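# A structural walkthrough
So you can see what is in the structure, the chains are spelled out below.
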Amino acid sequence: MEGLHLEYYLVASAVMFFAGVYGFLTRRNLLTILISIELILNSVDINFALFNRFLFPGQLEGFFFTLFAIGVSACETAVAIAIIINIYRNIRNIQVKNLDQLKD
Amino acid sequence: MDYSHFIYLKEELSLIAVIVILFLYDIFGSRKSLNYFQPVACLLVGIHVLLTCCPARATLAIFGDAAIIDQAPGTASAYPLYSGMYNLYPLGSIIKSILATGTLLIFLQARGWLEEKQTVIRRGEFYLITLFTLLGMYFMIAAGNFLLFYLGLELASIPVATLVAFDKFRHRSAEAGAKYILTAIFASGLSLYGISLIYGTTGTLYFADIPAAVTGAPLQVMAFVFFFAGLAFKLSLVPFHQWTPDVYEGAPTSVTAYLSVISKGAAAFALMAILCKVFGNLVEQWQAILFWTTIATITVANLFALRQQNLKRFFAYSSISQAGYIMLGVISGSALGMTSLVYYILVYMFSNLAAFGVITIIERRSGKETIDDYNGLYSTNPRLSVVMMIALFSLAGIPPFAGFFSKFFVFAAAVEQGYYWLVFIALINTVIALYYYLRVVKAMFINKNETAIAGFRSDGYTRLGLIACSAGILLLGVLSIVHGEIHHYSTGW
């Protein structure tokens, strides 16, 4: 563990998080948007495992939260992909610019 | 682990029992017997509502636990179960029974849509998925730990996406579903990042232990802001509201009703509970954030609602601004605020479900959903028009109806804490809101139309639902006992 401080990992996870937010706001394809969101969720998992390992090594709360978060994000992805497939069946396309039936 | 605690989870357990029964019925029921699916579902949920309405104290008395009974409501009402993972408190039972009643009303209205040719084969799924989201909201409300809260939040939002995209062959429904699920995951990602930072700075996830470690350090404030942003997405507060109109317009109307009332009510209650219990030390920060979000929410939503033609879109913006009014109860952070929040959700539920009931019927019978289509509705469907008028008057807050009293109480709660400007701006906005609600009433009663929607009779269940909603709107404001009872349980909560 020498030389590897908490901060390094935290910076990595923060970069992942904001890369995910940036991707969510700028991508123009439903699947890449979904991948960006996965980046956000994974950065959270890293954070939890990290805090537990470095700051509170005596307990397991963070690790458990990570496990649950991974499980839930798998469900989220499954539902999202099901809906995206449904859109593809309807319009043969998953570009955001084609989702324009609902707007002001 | 103490298994006797399971007795106290009567709301959750009875709901799970209902879900299991309906699930087995859906799988093993013969084609003919499945025609009775809706009455059976309504009956079971009705029994469940009665069971939840039975006050927590009475249940405790039956099963006998002196330690809990001694805590009379009004002194220290939250009783932790499973070493603090789950909180048992009377007000939680009240809000749960309110949400269950709302779900029952939606089940009553959903029949027409679910009996259609394309959806009839998936009829059972609608009821099951809806009840699962309700279960998620129960956990969210009762949670005493961020892990359980997060699981409840997800259980309450992922299945809703499948409901929004329920009409598989209608592209608008799928589009709304995609928009909903992507924003929902994004929002929960933001919340989670906030929760992870809270865990990092406090070392615990239990609501009871966090306040002692919250010192107002910058990292904690940042964590709180992330967490709040995530919940604000669910509540569709401005500036996190952009998904709302699209999703509300594209979703099947019964699902829109569910989203606008039940999901929103549960999220608002959970938000207030967490703000007061967990972030009590950051009260200055969150009151400042809420102050500006509330102003933005009410004003922006009202201005956008002015120019809507599609009724479902119109009600989306209306529900955003109503969420702003609910925030007036949250910002006070007092017992009075809690009372007015629960009361507001109750009244808002009846008003909005009455309006959505009318929209559902008319959309199904005529396929029309813009305001101009409602021209001259009174001449052909007088009773529906009157129900719609009562609902809109209640939403706008016109005195004899319950909506006036609920608005009055949230304003009172905010004024009590000295938010005069906030209440003043909210009052100006009620006038704007009055204008656009009356626009619909004018279309129905005053505008003449040669080709008004033809008169028809709706089925008994829908009528029962609408009558219940109208009765709620007319009686809730007058019966002061309802407000008094809620207040009794929220003091010292």
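These numbers come from a predicted model, not from an experiment.

## Some details on the overall build of chain A
The helix and strand tally for chain A stands at three helices and zero strands. Going from the N terminus to the C terminus, chain A shows its helices and strands as α-α-α. With respect to the principal axes defined by its C-alpha atoms, chain A has extents near 55 × 25 × 25 Å. The buried share among the 104 residues of chain A stands at 41%. Here chain A has roughly 5,700 Å² of accessible surface; of this, 67% comes from carbon and sulfur atoms.

## Quick notes on the environment of A:L31
Residue and element names in this part refer to chain A. When you line up the elements, L31 lands in helix 2 (residues 30–54). Under the relative-accessibility criterion, L31 is labelled partly exposed at 38%. Note: C-alpha distance between L31 and I84 (53 residues apart in sequence) is 7.9 Å.

## Examining the interface of chain B and chain A
Interface size is commonly expressed as the accessible area that is lost once the parts come together. Of the residues lining the interface, 50 residues belong to chain B; the matching set on chain A comes to 43 residues. At the boundary of chain B with chain A, total buried surface from both sides reaches about 3,900 Å², with 73% on carbon and sulfur atoms. It is B:H171, B:Y193 and B:Y199 that lose the most area in chain B upon contact with chain A, and together they represent 18% of the buried surface on that side. At the junction of chain B with chain A, the criterion picks out zero salt bridges.

## Overview of the packing of aromatic side chains
Enumeration according to the criterion identifies 45 aromatic pairs over all chains in this entry. Here A:Y9 and A:F54 contribute two aromatic rings whose centre-to-centre distance is 5.6 Å and whose plane-to-plane angle is 45°, an arrangement assigned as tilted. Placement of A:Y9 in helix 1 (residues 6–26) and of A:F54 in helix 2 is noted, with a sequence separation of 45 residues between them. Judged by relative accessible area, which is 26%, A:F54 ranks as partly exposed. Taken together, a centroid distance of 6.2 Å and an interplanar angle of 75° make the contact between B:F126 and B:F166 edge-to-face. Separated by 40 residues along the polypeptide, B:F126 in helix 7 (residues 123–142) and B:F166 in the loop between helix 8 (146–164) and helix 9 (171–202) bring together distant segments of the chain. Residue classification places B:F126 among the buried residues on the basis of a relative accessible area of 1%. Assessed through its relative accessible area of 3%, B:F166 is described here as buried. Sitting over the ring of B:Y138, B:K96 keeps its end group 5.8 Å from the ring centre.

## Here we look at empty space enclosed by the protein
All names here are of chain B. Scanning the model with the defined rule gives seven cavities of 30 Å³ or more in all. Forming the walls of the largest cavity are 13 residues, and the residues nearest its centre are Y180, K234, S263, K264 and A267. Among the secondary structure elements, those contributing two or more residues to the lining of the largest cavity are helix 7, helix 8, helix 12 (243–250) and helix 13 (253–277). Broken down by element, the residue count for the lining of the largest cavity peaks at four residues, all from helix 13. In the lining of the largest cavity, the residues fall into nine nonpolar, two polar and two charged. One number sums up the size of the second largest cavity: a volume of about 90 Å³.

## Remarks on unusual backbone geometry
Residue and element names in this part refer to chain B. The linkage connecting V238 with the following residue, P239, adopts the cis geometry, with an omega of 5°. Take P239: it is sitting in the loop between helix 11 (218–235) and helix 12. A positive phi angle, near 45°, is found at S83, a position not held by glycine. Inspection of the secondary structure puts S83 in the loop between strand 1 (79–81) and strand 2 (86–88). The phi dihedral of S236 is positive, around 50°, even though this residue is not glycine. One can find S236 in the loop between helix 11 and helix 12.

## Structural notes on a nonpolar patch on the surface
Residue and element names in this part refer to chain B. There is a patch of nonpolar side chains on the surface, built from Y3, F6, L13, I16, V20, F23, L24, I27 and F28 and spanning about 900 Å² of accessible area. Counting through the fold element by element, F6 comes out in the segment before helix 1 (10–28). Residue classification places F6 among the partly exposed residues on the basis of a relative accessible area of 33%.

Calculation rules
- Residues numbered from 1 in each chain as written.
- Chains lettered and ligands numbered in written order.
- Predicted model: local features only at pLDDT ≥ 70, side-chain atom pairs only at ≥ 80, totals over all residues.
- Heavy atoms only, no water.
- Helix = DSSP H or I, 4+ residues; strand = E, 2+ residues; numbered from the N terminus.
- Buried < 20%, exposed > 50% of the residue type's maximum accessible area, 1.4 Å probe, protein only.
- Areas by Shrake-Rupley, 256 points an atom, 1.4 Å probe, with all protein chains shown as cover.
- Contact = heavy atoms within 4.5 Å.
- Buried area = accessible area lost by both parts, 1.4 Å probe.
- Salt bridge = Lys/Arg side-chain N within 4 Å of Asp/Glu carboxyl O.
- Phe/Tyr/Trp six-rings, centres within 6.5 Å; stacked < 30°, edge-to-face > 60°.
- Lys NZ or Arg CZ within 6 Å of the ring centre and 35° of its normal.
- 1 Å grid on protein atoms, 1.4 Å probe; cavity = no way out; pocket = protein on both sides within 12 Å on 5 of 7 lines; lining within 4 Å.
- Points joined across faces, edges and corners; volume = space filled by probe spheres on them.
- Nonpolar A, V, L, I, M, F, W, Y, C, P; charged D, E, K, R; others polar.
- Patch = residues over 30% accessible without salt bridge, like charges linked within 9 Å, V, L, I, M, F, W, Y side chains within 5 Å.

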